[in-house]
Structure formats: C-alpha cells, structure tokens
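Spelled out, the chains give:
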Amino acid sequence: MTASASKADLRAAALAKRDALSDEQRTAAAQALAKRGLPFEITPGMVVSGYSPIRNEIDPAPLMRKLAEAGARLALPAVMARGKSLAFRAWSGNDRLMLGPLGIPEPSPAAAELIPDIMLVPLAAFDAAGHRIGYGAGHYDFTLEHLRKAKAIVAVGAAFAVQQIKAVPAQPHDVALDFVLTEKKVFDFRS
C-alpha cells in the first residue's frame, strides 16, 4: 500500500469517528478546549490564527474568544491558491465572513493581513509524535514551512480525542505540530 493510499484510509477512518460524535459532544469538547486554554502564556498583541470549522471539525471559536480576552489579536486563514501559502486576515468574533474559493468562511479581502505567532490547525487525524493528516491539499504544511522562514510560529492542532491514531505515515514535506489540544489532553511535541 502506498503512503498516500494509507493516509487516505487513515483519514477516512478518523473522519468517520469524528462524524459519529453528537452535537452535544462537539459543543462540550470545544468548551473544554477553551476552559483549559493554551499550554503556554499569551502576551498581549500576539497574533493567533484560528479557522472556520468545516466537516465537523472541533470549533476553535470559544478558545479564540478566551485568547482575545487575554489580549491576543485574532486572524482567520484565506485560501489563495493550491500550492500557495494561506493568507491570514484580521478577524474579531463580530466580523461577518464571506465564502472563500473552497466554500470556507473567511474574512473579507479588505481585512488587514497578519502573520500569526500561533496557528490553530484543523486536522483529520494525528499521532503521538505530532504528525497530522489534513485533507490532502497541503495548505497548512506549505504555509508553516513558508512562514517559519521569516519567524517562529507555534503550530497547535485542535482535535477531538477520537482523532488520535497509532501512527501517521509522515512524508518529508509534512510539517509536525508543536502541540495538539483535545478535550481530554494536551500533547506537547516540542523537544
């Protein structure tokens, strides 16, 4: 079996587990993430990028609101094109979003572009080594690799505990996460 076929099978299995969660479990998990917060200090003015949840992803909005109360500046990603870095545009909880090219809600192109200090990263599956499986387009891997050439960025995966798998067949272009937050545990992969 090829690495991509293996990733596809692992992705499908993890997404099926995530899809099986009830609305109540999803809401409780998002609140648990917010209650625990990040496992490191946020200083006022830090830029934290989240994401607009799709496909039953854990909702980072409660955590993002808590981080904004601690002085973080918030941003959401905008998809520019396949093979290009995501852009991050300023966002507050009251801002209206528009559908981007992939049908994902994102801030207006008129919103200020920011470079995150911390990226909350959605995922389909993750392992205990900090590797993730996304949806296959490579947007976050490419973006992290590109932006980390300019500055240090902490990559924090956000997931439900059921999305943890034994091992991700990581490839050289895959960028590992620094942390993964679930409703049950914080995983710290920094060495």
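My aim in this report is to walk through the structure given alongside it, one point at a time. Here the residue index of a chain counts from 1 through its sequence in written order. With pLDDT at 70 or above as the cut-off, local features in this predicted model cover only qualifying residues; side-chain atom pairs require 80 or more to be listed or tallied, and sums for whole chains, interfaces and linings still use all residues. In computing side-chain values, all of the structure's heavy atoms are included and hydrogens and water are not.

**Things to note about the overall build of the protein chain**
Turning to step 1, where the next piece is worked out: Counting its secondary structure elements, the protein chain contains 4 helices and 11 strands.
Turning to step 2, where the next piece is worked out: The globule rule puts the C-alpha radius of gyration for 191 residues at 16 Å, and the 16 Å found for the protein chain is close to it.
Turning to step 3, where the next piece is worked out: Considered along the principal axes of its C-alpha atoms, the protein chain spans approximately 45 × 35 × 35 Å.
Turning to step 4, where the next piece is worked out: Buried means the residue's accessible area, taken with a 1.4 Å probe over protein chains only, is under 20% of the maximum for its type, while exposed means over 50%, and partly exposed covers the values in between. Counting across all 191 residues of the protein chain, residues that qualify as buried make up 46%.
Turning to step 5, where the next piece is worked out: Any two residues whose heavy atoms approach within 4.5 Å at even a single point are treated as in contact. Within the protein chain, residue pairs in contact and separated by at least 24 positions form 69% of the contacts whose partners lie at least 6 positions apart.
Turning to step 6, where the next piece is worked out: Every accessible area reported is derived by Shrake-Rupley at a probe size of 1.4 Å, with residue values counting cover from the shown protein chains alone. Here the protein chain has roughly 9,400 Å² of accessible surface; of this, 55% comes from carbon and sulfur atoms.
Turning to step 7, where the next piece is worked out: In this charge count, Lys and Arg are treated as positive and Asp and Glu as negative; neither His nor the chain ends contribute. Charge placement uses NZ in Lys and CZ in Arg. For Asp and Glu, CG and CD serve respectively. Treating the 23 positive side-chain charges of the protein chain as one cloud and the 19 negative ones as another, the clouds have centres 2 Å apart. Each helix is a run of DSSP H or I of at least 4 residues and each strand a run of E of at least 2, with the numbering of both proceeding from the N terminus. Note that the radius of gyration is over C-alpha atoms, with the globule rule given as 2.2 Å times the number of residues to the power 0.38.

**Brief notes about the side chain of D174**
Turning to step 1, where the next piece is worked out: Tracing the backbone shows D174 in the loop between β9 (154–158) and β10 (179–181).
Turning to step 2, where the next piece is worked out: Within the local environment of D174, its side chain forms a polar contact with the side chain of K7, the two groups lying 2.6 Å apart.
Turning to step 3, where the next piece is worked out: Among the polar contacts listed, one links the side chain of D174 to the backbone nitrogen of Q171, at a separation of 2.7 Å.
Turning to step 4, where the next piece is worked out: Apart from residues no more than four positions distant in its own chain, D174 is found in contact with K7, D141 and P169. In protein, a polar contact requires one atom able to donate a hydrogen and another able to accept it; more generally it is a pair of N or O atoms within 3.5 Å, and residues adjacent in sequence count only if both atoms are side-chain atoms.

**What to know about the pairing of strand β6 (residues 118–121)**
Walk down a regular strand and you will see the side chains alternate between the two sheet faces.
Turning to step 1, where the next piece is worked out: Taking every second residue as pointing to the same face, both faces of β6 are buried, with I118 and L120 on one and M119 and V121 on the other.
Turning to step 2, where the next piece is worked out: Two strands qualify as a pair provided that DSSP identifies no fewer than 2 bridges between them. The pairing of strand β1 (residues 47–49) with β6 spans 2 bridges and is parallel. Each bridged residue has a counterpart across the sheet, and for V48 the counterpart in β6 is I118.
Turning to step 3, where the next piece is worked out: Relative to β9, β6 runs parallel, the two sharing 4 bridges. Bridge pairing links V121 to G157 in β9.

**Comments concerning the pairing of strand β2 (residues 73–78)**
Turning to step 1, where the next piece is worked out: With 5 of its 6 residues buried, β2 lies for the most part within the structure.
Turning to step 2, where the next piece is worked out: Inspection of the sheet shows β1 paired to β2 by 3 bridges, in the parallel sense. Bridge pairing in β2 places V47 opposite R73.
Turning to step 3, where the next piece is worked out: Looking down the strands as they point away from you, a crossover is right-handed if its path from the first strand over the helix to the second goes clockwise. Following the backbone out of β1, through helix α3 (residues 61–69) and into the adjacent parallel β2, one traces a crossover that is right-handed.

**Digging into helix α2 (residues 23–36)**
Because each turn of an α-helix spans 3.6 residues, side chains separated by three or four positions in sequence point in the same direction.
Turning to step 1, where the next piece is worked out: A helix is expected to span 1.5 Å multiplied by its residue count minus one. Between its first and last C-alpha atoms α2 spans 20 Å; for 14 residues at 1.5 Å apiece the expected length is 20 Å, and the two agree.
Turning to step 2, where the next piece is worked out: Among the residues of α2, R26, A29, A30, L33 and A34 are the ones counted as buried. Burial along α2 is one-sided: seen end-on, the buried residues are contained in an arc of 135 degrees. In α2, those exposed residues whose orientation departs by more than 90 degrees from the buried face are E24 and K35. In this description, one arc is meant: the one made by directions from the helix axis to the C-beta atoms.

**What to know about the sheet that holds strand β11 (residues 186–188)**
Turning to step 1, where the next piece is worked out: The strand order β3-β2-β1-β6-β9-β10-β11 describes an open sheet built from 7 strands, whose pairing is mixed. Whereas interior strands pair on both sides, the edge strands pair on one side only; in this sheet they are β3 (87–90) and β11. The sheet shows a mean angle of 25 degrees between the axes of neighbouring strands, direction not considered.
Turning to step 2, where the next piece is worked out: To get an axis, a line is fitted to the C-alpha atoms, and for a helix only the part in contact is used. The angle between two axes follows their N-to-C directions and goes from 0 to 180 degrees. Taken strand by strand, α3 contacts β1, β2, β6 and β10, and its axis lies near 140 degrees from that of β2.

**Focus: the side chain of R89**
Turning to step 1, where the next piece is worked out: Here R89 shows up in strand β3.
Turning to step 2, where the next piece is worked out: By relative accessible area, R89 is classed as buried at 7%.
Turning to step 3, where the next piece is worked out: Setting aside residues up to four positions removed in sequence, R89 forms contacts with L74, A75, L76, A78, M80, E106, P107, S108, P109, A111, A112 and E113.

**Re the packing of aromatic side chains**
Turning to step 1, where the next piece is worked out: A pair of aromatic rings is counted whenever rings of Phe, Tyr or Trp (Trp by its six-membered ring) have centres within 6.5 Å, and the orientation is called stacked for planes under 30 degrees apart, edge-to-face for over 60 and tilted otherwise. Applying the stated criterion across every chain yields a total of 3 aromatic pairs.
Turning to step 2, where the next piece is worked out: Consider the rings of F40 and F179, whose centres lie 5.3 Å apart with planes at 40 degrees: the pair is tilted. Of this pair, F40 sits in the loop between α2 and β1 while F179 sits in strand β10, and the two are 139 residues apart along the sequence.
Turning to step 3, where the next piece is worked out: Through successive ring pairs, a cluster of aromatic residues spans F126, F187 and F189.

**Some remarks on helix α4 (residues 139–147)**
Turning to step 1, where the next piece is worked out: Buried within α4 we find H139, Y140, D141, T143, L144 and L147.
Turning to step 2, where the next piece is worked out: Looking at the buried positions of α4, the neighbouring elements they touch are β2, β3, β6, β8 (132–133) and β9.

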